[in-house]
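For reference, the chains in residue letters:
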Amino acid sequence: MTENIDKKELKILADILALVLENEPGQSVNALETLKKRAKKNMVTGGAIKNIFYSIAENPPKPETKPSSRSRKSTTNNADLIKARSQITSLTQDINRLDTVIRSLRVQNESLRSELLLTQQSRAEIQSVLYSNQAKEPFKKILGIIFFICGLLIGIATTAIYHSVSSTPPPNNSIYLN
C-alpha cells in the first residue's frame, strides 16, 4: 500500500517530519503555516494523511531480492524519500546557519546603536558648551568696551588733577592777544 503514496502527499509528510523535528518556535510556526497552505492547495485532507501514516506503519517498505516493477517503484519512492529527507536536512542546516547570522547581526546592530547613542550624547554636550561660550562672548565684548571707556575717563581725570595740582603757573598768554 505504500507504493500508492502520491508525491504531493510525500512532500506534506516531509513537512510534517520537519515540523516535528524543529526546535525553534518561529521555524515551527512557519513550517506549520507552509504545511497548511500546501495541504489546502493540493486538496489533501487530514484523513488522507492519517491513512498514509497507517499504511506506512502497517506495511513498512521491505527490500525485495528480485527486481520487479513493484520494487522499482518502491526503490523510486525510497529514493524520493531519501532525497526529500536530505533536502529537509540541508534546508534545516541552512535555516540554522541563517539564524546564527541573524543573531550575530542583531548583536552587531545593538552595539552600533549603543555607539550611536554615546556619540549623540557627546555631540549634545559639546553643543551645550559651545552655546554657553557663545552666550558669554557678547558680555565679554561689552565688558571690554566698558573697561576701555572707564580707563579713558580715569586717564583724563588723572591728567586734569595732575595739571590742576602742578606748581608751575600757566604762562601769561595775554600779551599775545594785544
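Residues numbered from 1 in each chain as written. Predicted model: local features only at pLDDT ≥ 70, side-chain atom pairs only at ≥ 80, totals over all residues. Heavy atoms only, no water.

Visitor: Explain the overall build of the protein chain here, please?
Guide: Counting its regular elements, the protein chain contains 4 helices and 0 strands. Helices and strands in the protein chain line up, N terminus first, as α-α-α-α. Within the protein chain, buried positions represent 14% of all 178 residues. Put simply, 76% of the contacts in the protein chain that link residues at least 6 apart link residues at least 24 apart. When the accessible surface of the protein chain is totalled, it reaches about 15100 Å², and 63% of it is carbon and sulfur. (Helix = DSSP H or I, 4+ residues; strand = E, 2+ residues; numbered from the N terminus. Buried < 20%, exposed > 50% of the residue type's maximum accessible area, 1.4 Å probe, protein only. Contact = heavy atoms within 4.5 Å. Areas by Shrake-Rupley, 256 points an atom, 1.4 Å probe, with all protein chains shown as cover.)

Visitor: What am I meant to see in the nonpolar core here?
Guide: Considering soluble globular proteins, one finds that nonpolar side chains tend to be buried as a cluster. Membership of the largest hydrophobic core is limited to 8 residues, which are Ile12, Leu13, Ile16, Leu35, Ala39, Val44, Ile49 and Ile52. Those elements that provide at least two residues to this core are α1 (7–21), α2 (25–41) and α3 (46–58). The element best represented in this core is α1, accounting for 3 residues. (Core = buried A, V, L, I, M, F, W, Y, C linked by side-chain atoms within 4.5 Å.)

Visitor: Would you mind going over a positive patch on the surface with me for this structure?
Guide: Taken together, the side chains of Lys7, Lys8, Lys11, Lys41 and Lys83 define a basic patch exposed on the protein surface. If you tally residues by element for the positive patch, the top one is α1, at 3 residues. (Patch = residues over 30% accessible without salt bridge, like charges linked within 9 Å, V, L, I, M, F, W, Y side chains within 5 Å. Salt bridge = Lys/Arg side-chain N within 4 Å of Asp/Glu carboxyl O. Lys, Arg positive; Asp, Glu negative; His and termini not counted. Charge placed at Lys NZ, Arg CZ, Asp CG, Glu CD.)

Remember that the coordinates give geometry; whether it matters functionally is a separate question.
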